[in-house]
Amino acid sequence: MRVMAAIRTHEWGEEAARLQARLAPVFGGDLAVVFHNRPSGVVPDLPVIDLNDAWAAGQGLARVADWGWRCGDYAYYALRQARPGYDAYWLIEPDVHFTSEASGFFSCFAKDDADALGYRLGRFAGRSRFADGLGGIEPYQAIFALTRLSGRAIDRLLPLRRALSTGTVSEKTFPNDELFVFSHLSADPDIRLARIEDSAGDWFDGVQFAPDPDLLFDVVAPGAAPGRVWHPVRSREAYMRALAGRLAAGTGVLFRSRGGLRALADTELQTITAMASERMLAAMRALQQRGGRDRGGA
């Protein structure tokens, strides 16, 4: 079975370079990067498959405002078109961290011909606006940071995504990658799915592999056991950006306070922001001094 891997990213920093160093000895020339809106002058030392609005439009795929983040399956379609001669494709995000040489991980799947591999693959039992856009099929999910799809699975998904992109597209409910991919593939009787941890469970022993909290590489790496895979692990700069973003995203109280906010001057809004900043800084310093063991989560 011929398999290739690709790093899916929108920037090239420490995390992407670190992942490339782990993957290159395993895949050699069968490694690429699918780059969303690649900045001018950024030229990684491996083949690049560019992903942008023009490409998505040409494929008949919806471009909701955050499609580069929400629709990671688009990277699979671009990868398949650019490198059609493979049986299966790994798609891996830069904040996936292999603590040691990664050939042992991928060798667990060398003879596995499953059409879809995902971590924590199973029925989605919660509530999600993205699940509402699936059109009535039973929702399934898996963590999309580390997945593998067969060529035929990708070929079946692309027309389904195109069909969902026709007519009026809801910015709110247009399905995200994990729900779209694993729900449709689970509904296909000719497609076989498997959980990554069933074949490589040791690699997830004692680790975090979940969307959050963000983990600081400088804290995780020194004490991490070899033969493990963590997510999301970030450099200092990326960790700070991620933490700032999570803090800024917790703004639901502002929507409920919009009546009062309309009555305030801009200088008063700035004063509130400064007051909140002082309180957050005090809280972070208190946690910093508390001590105890953790994994550098944000």
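Above this text you will find the structure in question.
Keep in mind that this is a model prediction, so the values were computed, not measured.

Enquirer: Mind laying out the layout of surface pockets, listing which residues take part and the relevant values?
Expert: Quantified by volume, the largest pocket comes out at close to 1100 Å³. Lining the largest pocket are 35 residues; nearest its centre among them are Trp69, Glu93, Asp95, His231 and Arg234. The greatest single-element share of the lining of the largest pocket, amounting to 4 residues, is contributed by helix α10 (residues 236–249). A per-class count over the lining of the largest pocket returns 15 nonpolar, 7 polar and 13 charged.

Enquirer: Before we move on, could you go through the sheet that holds strand β4 (residues 88–92) and cite the residues and values that matter?
Expert: As summarised here, the arrangement of the 7 strands in space is β3-β2-β1-β4-β7-β6-β8, forming an open sheet in which the pairing is mixed. Two strands in the sheet have a free side with no partner beyond their single neighbour: β3 (48–51) and β8 (193–195). Averaged over all adjacent pairs, the angle separating strand axes in this sheet is 35°, with direction ignored. Where strand β2 (residues 31–36) lies against β3, 4 bridges are found, and the strand directions are parallel. Considered in β3, the bridge of phenylalanine 35 is made with aspartate 50. Contacts from helix α4 (residues 73–82) reach β1 (3–9), β2, β3, β4 and β7 (140–150), with the element oriented near 135° to β4.

Enquirer: Tell me what's going on with the side chain of serine 183, and back it up with residues and numbers.
Expert: By the secondary structure assignment, serine 183 is in helix α7 (residues 177–186). A distance of 2.8 Å separates a polar atom in the side chain of serine 183 from the backbone nitrogen of tyrosine 140. Residues within four places of serine 183 in sequence aside, it is in contact with Leu134, Ile137, Glu138, Pro139, Tyr140 and Glu178.

Thresholds, definitions, all that
Residues numbered from 1 in each chain as written. Predicted model: local features only at pLDDT ≥ 70, side-chain atom pairs only at ≥ 80, totals over all residues. Heavy atoms only, no water. 1 Å grid on protein atoms, 1.4 Å probe; cavity = no way out; pocket = protein on both sides within 12 Å on 5 of 7 lines; lining within 4 Å. Points joined across faces, edges and corners; volume = space filled by probe spheres on them. Helix = DSSP H or I, 4+ residues; strand = E, 2+ residues; numbered from the N terminus. Nonpolar A, V, L, I, M, F, W, Y, C, P; charged D, E, K, R; others polar. Pairing = 2+ DSSP bridges. Axes fitted to C-alpha atoms, helices over the stretch in contact; angles between N-to-C directions. Contact = heavy atoms within 4.5 Å. Polar contact = N/O pair within 3.5 Å; in protein donor to acceptor, adjacent residues only side chain to side chain.

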